[in-house]
Structures are given as structure tokens and as C-alpha cells.
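Observations on chain architecture
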Amino acid sequence: MEATCGTALHFSSPWIGSGKIEVKLNGFLKLSQKCRKGYEVKAINTRELQWRTESTRQRRVSSTALHACKDSRAPTLESGNFNTCFDGNWLLKNKAQDVSSYLNGRCIFLVGMMGSGKTTVGKILAEALGYSFVDSDKYVEEFLGGSSVAQIFKQCGESIFRDYESEALLKLSSLPRQVVATGGGAVVRPINWKYMKQGVTVYLDVPLDALARRIAAVGTDSRPLLHFESGDPYTEAFMGLFTLSKKRGESYLNADATVSVQHIAAKLGIEDLSDITPSAIALEVLLQIEDFLQGNNTTSVPMLP
Ligand SMILES: Nc1ncnc2c1ncn2[C@@H]1O[C@H](COP(=O)(O)OP(=O)(O)O)[C@@H](O)[C@H]1O
Ligand SMILES: O=C(O)C1=C[C@@H](OP(=O)(O)O)[C@@H](O)[C@H](O)C1
């Protein structure tokens with residue numbers, strides 16, 4: 001792709017750094033020894049806080065209710081009196097520091113169905129890691145002089161769009177330190193996995209009901225594969241997503257790591273998935289990437305050429 005567009009789009013995220021972040025971090029948080037050292041933890045609302053040694057390397061802190069503090073004071077660990085006050089921003093930044101030492105510049109490619117949060121979570125991840133954020137759809141749109149994805153589908157058809165999408169992923173896979181929000185259909189072409197596997201791929205697994213609700217809330221104009229002229233937006237979105245998910249089958253499971261919001265909800269003991277914030281998902285992404293890279297005995301990934 002002779003990219004006439006910018007080679008990397010950088011977005012600052014409104015979520016991080018504003019001091020207004022209210023992140024409900026219930027449940028399991030893995031804190032590496034390094035991360036916990038010298039930090040006080042003061043519980044605001046904790047029915048049970050139990051340190052369980054999961055491995056020599058890390059401990060899991062399991063609790064029923066951890067709320068982020070608004071203030072960003074650096075906590076200090078009080079031995080024997082475990083109270084927990086985590087600043088969500090602090091947690092993300094600290095875990096991002098842990099993970100970036102393993103990533104060593106490799107890109108992160110977020111895959112998942114339309115509406116799964118690839119853009120929203122991707123911006124938070126990029127901010128925490130000090131990476132650039134790129135939306136591959138936007139990359140294609142810029143390359144084609146600003147035509148929208150919907151216009152490309154209409155004027156050229158899906159196959160041509162997929163060609164441009166593959167070109168974009170080829171280009172982006174050669175750049176370091178990017179968080180790439182891929183289009184929901186990127187997983188359908190094997191060549192795209194070849195490109196994305198240059199980095200670390202993470203599948204955001206969100207139930208169809210939640211996807212349909214999110215897309216119905218914003219409309220389907222920008223998503224031609226779901227766009228319907230009339231009818232109940234939720235139902236149309238759900239049916240379209242259901243059809244696509246059946247066609248794509250297990251493609252998303254080729255990802256190196258999967259972050260399932262249902263799994264997060266189960267281990268946190270919450271029922272309403274909308275209580276799981278994008279920041280909490282971003283933290284889980286970092287934890288899953290860390291597990292993946294360490295599970296591969298990857299102490300340091302060779303820097304991209
Ligand atoms: N964890 C979440 N909880 C609630 N709404 C979310 C969450 N993540 C994303 N959204 C919303 O869902 C819609 C789609 O999110 P987006 O990041 O654009 O998804 P994708 O890039 O995967 O298509 C947006 O309106 C966004 O604000
Ligand atoms: O699932 C798909 O096939 C598509 C998803 C869209 O991206 P988002 O996942 O960002 O909506 C966009 O690439 C295009 O409408 C096709």
C-alpha cells in the first residue's frame with residue numbers, strides 16, 4: 001500500500017490521566033511482586049481480602065469490592081493490615097510497565113466483533129503503554145482520501161475493502177509500538193493473521209446481546225454489514241451480528257489471548273456486564289498478554305527490524 005495517509009494515527013484517550021477515572025476493580029487482580037512493593041492498600045469496601053499465592057512470581061488479590069481511589073496518592077503496603085485502595089490509572093500504568101518490558105516494542109492487535117470495544121479499549125491500552133493507537137478502518141479511509149468504510153463497501157464492494165484492509169495490516173505490522181484496533185472482519189483472511197502475528201493478538205469476546213445493545217445505541221450507519229433501513233435497531237443489529245458470528249465461527253480464537261467479559265463478570269461475581277468498564281477490560285488485556293508472553297517463556301521479544 002503506497003500509504004498517502006499518515007503512517008500512524010495517535011489518539012489521546014479521555015479515559016486516562018484526567019483524574020476523573022472511576023474504575024470499579026472488583027475481584028482478581030494480579031500484582032507482580034515488583035508492582036506491590038512499597039504500596040499501601042486500603043480497602044474502601046472489602047468484605048474479604050485474601051492473598052493467595054498463585055506462584056512464586058505473583059500473588060492474586062481476590063476481593064469482592066475494590067474501588068479505585070480518585071486521588072492518585074501512591075499507596076504504601078501496611079503489613080498485616082490489608083486494606084485496598086487502587087488508583088485505576090496507577091494500576092494500568094504499573095501493569096503496562098510490567099508488560100511493555102516483555103513486549104519490547106511489539107504491536108498489539110485487538111480482534112473481535114463489531115462493537116466489542118477494540119477502539120475504546122485500544123485507546124486506553126495505547127495511553128497506558130505509551131504506544132500509538134491506530135484504527136485499521138480509519139487507516140484505510142485515510143489512504144482512500146477520506147471515503148468512509150460504508151462508501152467503500154457501496155462503491156467497491158466488500159472484497160476490495162478486504163484487500164485494502166490486508167494492505168493496511170501488512171503496513172501496520174511492520175511498525176513498532178502500535179495498538180491496532182482491527183475491523184471485525186479482519187479475522188476472515190488467513191493472510192491477515194500472518195501479519196497480525198508479528199505482534200500479539202487479543203480477542204475481545206463480548207456476548208451478542210451486549211454488542212447489539214452497544215451498536216443500536218450508536219446506530220449502524222458506519223457498519224454497512226449491519227446497516228438496515230428500518231426495523232428495531234437492536235433486533236436488526238442482533239440478527240446481523242448473529243449471522244456474521246456463525247459465518248466466522250472460531251476464527252477469533254486464533255488470537256494469542258482472549259479476554260471474555262463474561263469470564264471477567266463470573267470471577268468478579270457481577271451480573272450486569274455493563275458494570276465492567278473499558279479500563280477494567282484494558283487491565284485484563286494486559287494481564288492476559290503478560291501470561292501469554294511469560295507462558296511462552298518469552299523473557300524479551302526481539303525488537304521488530
Ligand atoms: N466496556 C464497555 N462497556 C460499555 N460500552 C462500551 C464498552 N466498550 C465499548 N463500548 C461502547 O460500544 C460502542 C462500540 O465500541 P468500539 O470501541 O467502537 O468497538 P469496536 O471498535 O470493536 O467496533 C461504543 O459506543 C463504545 O462507547
Ligand atoms: O465485522 C466486519 O466485517 C466489519 C467491521 C467494521 O469494523 P468494526 O469492528 O470496528 O466495527 C468494519 O471493518 C467493516 O464495517 C466490516
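Quick summary incoming for the structure in this document. Just so we're clear, the structure is a prediction, and the values are computed from it rather than from any experiment.

Some remarks on the overall build of the chain
When helices and strands are tallied, the chain shows 11 helices and eight strands. By the burial criterion, 50% of the 305 residues in the chain qualify as buried. Considering only contacts within the chain whose residues lie at least 6 apart along the sequence, 78% involve residues at least 24 apart.

Some remarks on the pattern of salt bridges
A complete count under the given rule lists eight salt bridges for this structure. E158 is the salt-bridge partner of R162, the closest N and O atoms lying 2.9 Å from each other. In this pair, R162 and E158 are both assigned in helix α6 (residues 158–172), four residues apart and thus about one turn of the helix distant. According to the relative accessible area criterion, R162 is buried, its value standing at 5%. Taking the shortest distance from any N to any O, the salt bridge between R162 and E165 comes out at 2.9 Å.

Here we look at the site of ligand 2
K118, D137, R162, R223 and R248 are the nearest of the 13 residues found near ligand 2. Contact between ligand 2 and R162: an oxygen atom at 2.7 Å from a side-chain N or O atom of the residue. Isolated, ligand 2 exposes 380 Å² of accessible area, and the fraction of that covered by the protein chains is 95%. Its residues assigned to classes, the shell around ligand 2 comprises five nonpolar, three polar and five charged.

Remarks on the sheet that holds strand β5 (residues 132–135)
The strand order across the open sheet formed by five strands is β5-β6-β4-β7-β8, and the pairing between neighbours is parallel. Whereas interior strands pair on both sides, the edge strands pair on one side only; in this sheet they are β5 and β8 (257–260). When the angles between neighbouring strand axes are averaged without regard to direction, this sheet yields 20 degrees. Inspection of the sheet shows β5 paired to strand β6 (residues 178–181) by four bridges, in the parallel sense. Paired with D135 across the two strands is A181, which belongs to β6. Lying on the sheet, helix α10 (residues 261–268) is in contact with β7 (200–205) and β8; it crosses β8 at an angle near 60 degrees.

Parameters and conventions
- Residues numbered from 1 in each chain as written.
- Chains lettered and ligands numbered in written order.
- Predicted model: local features only at pLDDT ≥ 70, side-chain atom pairs only at ≥ 80, totals over all residues.
- Heavy atoms only, no water.
- Helix = DSSP H or I, 4+ residues; strand = E, 2+ residues; numbered from the N terminus.
- Buried < 20%, exposed > 50% of the residue type's maximum accessible area, 1.4 Å probe, protein only.
- Contact = heavy atoms within 4.5 Å.
- Salt bridge = Lys/Arg side-chain N within 4 Å of Asp/Glu carboxyl O.
- Near = heavy atom within 4 Å.
- Polar contact = N/O pair within 3.5 Å; in protein donor to acceptor, adjacent residues only side chain to side chain.
- Areas by Shrake-Rupley, 256 points an atom, 1.4 Å probe, with all protein chains shown as cover.
- Nonpolar A, V, L, I, M, F, W, Y, C, P; charged D, E, K, R; others polar.
- Pairing = 2+ DSSP bridges.
- Axes fitted to C-alpha atoms, helices over the stretch in contact; angles between N-to-C directions.

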